[in-house]
Structure formats: C-alpha cells, structure tokens
Amino acid sequence: MSQLILIPVCFLAGWIFKRTRIFPENTATVLGNFIIYVSLPSLILANLPSLTLEPSLGFLILMPWLVFGISIPLFYAAARYFGWSSDTRTAVILCCGLGNTSFVGLPVLRMFYGEEITSAVLIADQFGTFLCLAIPGFILAVLYSPQGQKGRKSKWIGSISKKLFTFPPFLALLFSFFLRLFTIPESVDSVFKILGETLVPIALFTVGFQLRFERPNSESTTKTETWISPLTLGLIYKLLFAPIFILLVYRFFDVQANHLRVSVLEAGMAPMITASIVSLQMGYRPDLSAAFPGIGTILSIPTVSLFYFVLENFF
C-alpha cells in the first residue's frame, strides 16, 4: 500500500518543484548522478549476490533485445511508408525500442509484487536494457550522426567499452558475482540495502522533474501524418505491441510465471529517458525525443495496469 502512495506522491512532487522553480534547473542531473553512482549500485550489491541463478533468467535478459531488435525493421518500414526522415526514424527506434526499466519499472513492479521481485528486475535492466542501449543502441546513434556518416567508426569498440566499464551499476553487477564467493557481513549488507532504498523515491522524483509534454512539431504535411505520427506509432509499439509480443512468445516457451510477469510488464514500460537523452545529444528530432518519455510515462500508467490485470487473472 505504501508503494501505491509513494509513486504518485514522488512523481507529482518532482513535476511541481520543477514548475515552481524551488529546486535549481540542474536538479535532475544531480539526482540522476546520485542514482547512478550510489542508489542503483547499492541495490544491485544488496540483492544480486544472493540471487539463485537459473536458466529462465535468460528470458529476462533477452526481452529488451527482442523489443529493440523488432523495432528496427518495423520503424524502417514505417519511415519508408510514411516518408519520415532518417533523424525521425532513428529517434523513434532509440526512444521506443528501449523502456524505462529501472527508474519507473523497478518502483512499479515492487508496488505490484513486493521487494522479492527486485533481483529479477535488476537482471532485466542491467544485462538487458542497459547493454542493449550501450551496444546496438549506441552503434545506431553513431551510425546516423554526422560523424558516423563521415566514416569515423574506428573508435566504436573503444567507446562502447568505455561506456560499459565506467558505468557504476554495471561494475556493481560484475562485482556482485565475485561477492557470491563470500559471506557478506550483515552490517555491510544493511548499508547496501539502506542506500539502495533511496532509488525508488529519488528516481520517481527525478522522472517527474524531467517530464515535458510539448507536442512535437510536424515535419511533414502528408496526409498520412495527419492520422498517424511518429509519436503515435512509437508509443503504440512501446506500450501495447511490445508487451503483447513478449507475452505471446514467452507463453509459447512456457517461461516461469514470475519471469513472465517481469518481462511483459517491463516490455510495456514507457520509453527510456536515458535513450531519449542520447537521441537529444545526437540531434535526432529533439522535439520528438523529448516528448516520448514525458507523454509515454503518463500513458503507460493505464496500459501497464491493464497488462498487470491480464497477467494476474488469465495467466
């Protein structure tokens, strides 16, 4: 019950404090860094060393790769049919091919299933979503950038490796497997848990603080643009098609119930904020890239709730 209250309170507080300008403009950056460097690594170290490894964890890792992989040919076809520019196509793939599996996904799934679901969510987020952004997502972003089109691709491997091995949560993930060889003192484990618990309220506050609802400018005057825009198609894919696809495929392979729930609900999370920031920094349709996480987060509330209801009552 407390999670049910905490989520909208923190979310709304971030949105209000942004508009009232009580907090400085760089608040989201500062809090985001705290999450990346303190909260998320602590949560990983508190939960993953004791995680029981089993084959079905592979389905958690595979889910974001499937969702991102399918988005590429789908949005390439949509771009060709609707006449989108390459910038629009790349922005939609980056933003809607990946979901907000940690900042929003973790609090929401803990609200639904309790703290015991944390380890499964972290596996899906770090080995799945983060690696998918860091490797194919980064390659796609660079490929269509001016630098990438000029052929400066020799530094890709180094850049990707640098992103991976300087990202604190990923380093904590690797270190957690080393810690499995030892018994962690209860006092140390308690510190990890206390610091890890800061993730939920700070992450929700940060997401609320960053929300933007500006409607993207239309880049096309074609008739098709009047009834289906990149924003509309991207969100339909991310919030509806992706979770339905994962549900059908994973049911066919008879995935363990808890991992099925995590995979489906995480597949239906709103577009990833970090991916939208990458898209913004690369200059891919800034208006569209900024709109995806804000509008998507609001629309994901009823859609994720719907999939939760379906999973609990029919699967």
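Residues numbered from 1 in each chain as written. Predicted model: local features only at pLDDT ≥ 70, side-chain atom pairs only at ≥ 80, totals over all residues. Heavy atoms only, no water.

In the nomenclature of an unreviewed UniProt entry, the protein corresponds to AEC family transporter from the organism Leptospira ellisii. Its UniProt record gives the protein a comment under Subcellular location (unreviewed entry), which states: "Membrane". (UniProt positions renumbered as here; feature names shortened; annotations may be inferred.)

Caption draft 1: Just the overall build of the protein, in detail. Each helix and strand in the protein was counted, giving 16 helices and zero strands. Buried positions account for 53% of the 315 residues belonging to the protein. Put simply, 87% of the contacts in the protein that link residues at least 6 apart link residues at least 24 apart. Accessible surface computed for the protein: about 14,900 Å², of which carbon and sulfur atoms make up 67%. (Helix = DSSP H or I, 4+ residues; strand = E, 2+ residues; numbered from the N terminus. Buried < 20%, exposed > 50% of the residue type's maximum accessible area, 1.4 Å probe, protein only. Contact = heavy atoms within 4.5 Å. Areas by Shrake-Rupley, 256 points an atom, 1.4 Å probe, with all protein chains shown as cover.)

Caption draft 2: Local environment of the pattern of salt bridges. If you walk through the whole model with that rule in mind, you get six salt bridges. Between Glu115 and Arg110 there is a salt bridge; the shortest N-O distance is 3.7 Å. With a closest N to O distance of 3.3 Å, Asp189 and Lys193 form a salt bridge. Separated by four residues within a single helix, Asp189 and Lys193 lie in helix H10 (residues 186-196), roughly one turn from each other. (Salt bridge = Lys/Arg side-chain N within 4 Å of Asp/Glu carboxyl O.)

Caption draft 3: Region of the structure containing the packing of aromatic side chains. Counting across every chain of the model gives 22 aromatic pairs. Here the aromatic residues Phe17, Phe23, Phe205 and Phe209 are joined through ring pairs into a cluster of three or more. The lysine or arginine in question, Arg89, covers the ring of Tyr76, its NZ or CZ lying 4.1 Å from the ring centre. (Phe/Tyr/Trp six-rings, centres within 6.5 Å; stacked < 30°, edge-to-face > 60°. Lys NZ or Arg CZ within 6 Å of the ring centre and 35° of its normal.)

Caption draft 4: Representation of unusual backbone geometry within the structure. The phi torsion at Asp254 lies on the positive side, around 55 degrees, for a residue other than glycine. The backbone of Arg285 sits at a positive phi, close to 40 degrees, despite the residue not being glycine. Here Arg285 lies in the loop between helix H15 (273-282) and helix H16 (286-314).

Caption draft 5: Layout of the environment of Ser289. By secondary structure assignment, the location of Ser289 is in helix H16. Taking the C-alpha atoms as reference points, Ser289 and Pro271, 18 residues apart in sequence, are found 9.6 Å from one another. Excluding residues that lie within four positions of it along the chain, Ser289 makes contacts with Ala91, Cys95, Ser276, Ser279, Leu280 and Tyr284. A polar contact is formed between the side chain of Ser289 and the side chain of Ser279, at a distance of 2.7 Å. (Polar contact = N/O pair within 3.5 Å; in protein donor to acceptor, adjacent residues only side chain to side chain.)

Caption draft 6: Seen up close, H16. Relative to the 42 Å expected for 29 residues at 1.5 Å per residue, H16 spans 40 Å between its end C-alpha atoms, a close match to the ideal helical length. Along its length, H16 shows its largest kink, about 40 degrees, at Ser300, and proline Pro302 lies within four residues downstream of that point. (Expected span 1.5 Å × (residues − 1). Bend = angle between axes of the 7 residues up to and from the residue.)

Caption draft 7: How the structure looks around the side chain of His259. Position of His259 among the secondary structure elements: in helix H14 (residues 257-267). Classification of His259 by relative accessible area gives buried; the value is 4%. Engagement of the side chain of His259 in a polar contact is seen with the side chain of Ser56, the distance being 2.8 Å. Discounting chain neighbours no more than four positions away, the residues touching His259 are Glu54, Ser56, Leu57, Leu60 and Ala120.

Caption draft 8: Broad picture of the UniProt feature "transmembrane region" (unreviewed entry) in the protein. On the UniProt side, "transmembrane region" (unreviewed entry) is annotated at positions that read residues 28-45, 57-79, 91-109, 121-144, 164-182, 231-250, 262-284 and 290-311 here. End C-alpha atoms of residues 91-109 are separated by 27 Å, and the span's content is 58% helix alongside 0% strand.

Caption draft 9: Summary view of the nonpolar core. One finds Phe75, Trp84, Leu199, Leu265 and Phe292 to be the most contacted residues of the largest nonpolar core, which totals 96 residues. With 15 residues, the top contributor of residues to this core is helix H6 (residues 118-143). If sequence neighbours within four positions are ignored, Phe292 has contacts with Ala91, Val92, Cys95, Cys96, Pro230, Leu231, Gly234, Leu235, Pro271 and Thr297. (Core = buried A, V, L, I, M, F, W, Y, C linked by side-chain atoms within 4.5 Å.)

Caption draft 10: The arrangement of the packing of helix H2 (residues 27-47) against helix H9 (residues 168-179) in detail. For the pair H2 and H9, the least separation of the axes is 9 Å and the interaxial angle reads 25 degrees. On the basis of their axis angle, the class for H2 and H9 is roughly parallel. Crossing angle aside, the handedness with which H2 passes H9 is right-handed. In this structure, H2 uses Ile36, Tyr37, Leu40, Pro41, Ile44 and Leu45 to contact H9, whose residues at the interface are Pro168, Pro169, Ala172, Leu173, Phe175, Ser176 and Leu179. (Axes fitted to C-alpha atoms, helices over the stretch in contact; angles between N-to-C directions. Parallel < 35°, antiparallel > 145°, perpendicular 65-115°, else oblique. Left-handed = near helix turned anticlockwise from the far one by under 90°.)

Caption draft 11: Structural detail: a nonpolar patch on the surface. Taken together, the side chains of Phe175, Phe178, Leu181 and Phe182 define a hydrophobic patch exposed on the protein surface, amounting to about 450 Å² of accessible area. In this structure Leu181 comes out as exposed when scored by relative accessible area, which is 65%. (Patch = residues over 30% accessible without salt bridge, like charges linked within 9 Å, V, L, I, M, F, W, Y side chains within 5 Å.)

Caption draft 12: A look at the environment of Glu25. By the secondary structure assignment, Glu25 is in the loop between helix H1 (2-20) and H2. A relative accessible area of 54% means that Glu25 is categorised as exposed. Considered as a pair, Glu25 and Phe209 are 184 residues apart in the sequence and their alpha carbons are 9.4 Å apart. Among all residues touching Glu25, those that are not within four sequence positions of it are Lys18 and Phe209. Separated by 2.9 Å, the side chains of Glu25 and Lys18 make a polar contact.

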